[in-house]
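An overview of the molecular structure
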Amino acid sequence: MPKPHTFPTLYNEALQISITKLKEWDYLSPEQIKSGTLTWSRNGNETGSISIKVNTHSEQPYIELDYKYRDELRNYKVSLVSMPSNLGKGLIWYFLCPQTKKRCRKLYSIGGYFLHREAFNGCMYETQTQSKKYRQLDKTLGAYFKTDDLYSQLYQKHFKKTYAGKPTKKYLRIMEQIHKAESIPYQEIEREMLS
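Residues numbered from 1 in each chain as written. Predicted model: local features only at pLDDT ≥ 70, side-chain atom pairs only at ≥ 80, totals over all residues. Heavy atoms only, no water.

This part covers the overall build of the chain. What the chain contains, in helices and strands, is five helices and 13 strands. Looking at the chain residue by residue over its 195 residues, the buried ones come to 31%. Restricting the contact set of the chain to residue pairs at least 6 apart, pairs at least 24 apart contribute 41%. Looking at the chain as shown, the accessible area adds up to about 14,200 Å², and 50% of this sits on carbon and sulfur atoms. (Helix = DSSP H or I, 4+ residues; strand = E, 2+ residues; numbered from the N terminus. Buried < 20%, exposed > 50% of the residue type's maximum accessible area, 1.4 Å probe, protein only. Contact = heavy atoms within 4.5 Å. Areas by Shrake-Rupley, 256 points an atom, 1.4 Å probe, with all protein chains shown as cover.)

This is the structure in structure tokens:
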């Protein structure tokens, strides 16, 4: 008897709160209290929104989440912890998951609470659900189909190509992927697409 199909919850599709985005939106400046609304959308349709308040002025910094999940009001705090940057410039912020007590840079909402990914059972990243054939195709031709995204990353407003006169690791990685994509012969792309 064959194994029944399982459709795991994907982290990629869950609502997420990211330290990187909070910093980008100026929520993590020192000694401040800032409130706002986070909104998620997919294909132009809103998929969720919550009110947040980030307090870095407190002795115990936190982010307060206020939202409704299936007609139930939810309001709770997630502690924030920081460490000095190894570059000697500012602080590196982390969430402290209320359930696992682990530091993390992203919180996922699966089942109505924003928690560290290890708080959820049976969840996967999209790449973990892809077939062997698809992963092989992505390995050989993936860079070719991602070139538009790679070029847009290169020309983002605050993208740093160099640091202290040397190319950054991210810049070198993107350039390597672009070079790999541009060196794929068109015949190979055609052959792989038809097989």
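Once that is clear, we can look at the pairing of strand E6 (residues 72-84). In the sheet, strand E5 (residues 62-69) pairs with E6 via eight bridges, with the strands oriented antiparallel. Bridging from a neighbouring strand, Glu 64 pairs with Lys 77 of E6. Hairpin connection from E5 to E6: two residues lie between these consecutive antiparallel strands, with Arg 70 at a positive phi of about 50 degrees. Pairing of E6 with strand E7 (residues 91-96) involves six bridges; the strand directions are antiparallel. Counterpart to Val 81 in the pairing with E7 is Tyr 94. Following E6, the chain reverses through six residues before pairing antiparallel with E7; Gly 88 in that reversal takes a positive phi of roughly 80 degrees. (Pairing = 2+ DSSP bridges.)

Spatially, E3-E4-E5-E6-E7-E8 is the arrangement adopted by the six strands of the open sheet, whose pairing is antiparallel. Bordering the open sheet on either side are strand E3 (33-42) and strand E8 (103-104), each of which pairs with just one other strand.

Further remarks concern the sheet that holds strand E9 (residues 106-109). Paired through their backbone hydrogen bonds, the strands of a sheet run either parallel or antiparallel. Spatial ordering of the open sheet is given by E2-E9-E10, a layout of three strands whose pairing is antiparallel. Strand pairing shows two members of the sheet lacking a second neighbour, strand E2 (15-18) and strand E10 (114-115), which therefore form its edges. When E2 meets E9, the two strands line up antiparallel, connected through four bridges. Considered in E9, the bridge of Leu 15 is made with Ser 109.

In this section: the nonpolar core. Soluble globular proteins tend to pack their nonpolar side chains together in the buried interior. Ile 17, Ile 50, Ile 52, Ile 63, Leu 65, Phe 95 and Phe 114 are the most contacted members of the largest nonpolar core, which totals 21 residues. Put simply, the parts of the chain that give this core at least two residues each are helix H1 (19-24), E3, strand E4 (45-55), E5, E6 and E7. Counting seven residues, the second-largest nonpolar core is a separate cluster that includes Cys 97, Ile 110, Ala 119 and Phe 120. (Core = buried A, V, L, I, M, F, W, Y, C linked by side-chain atoms within 4.5 Å.)

Moving on, we get to the pattern of salt bridges. With the rule as written, the count across this model stands at four salt bridges. Here Arg 74 makes a salt bridge to Glu 72, at a shortest N to O gap of 3.1 Å. On the basis of relative accessibility, which here comes to 9%, the residue Arg 74 falls in the buried class. Residue classification places Glu 72 among the partly exposed positions, given a relative accessible area of 40%. (Salt bridge = Lys/Arg side-chain N within 4 Å of Asp/Glu carboxyl O.)

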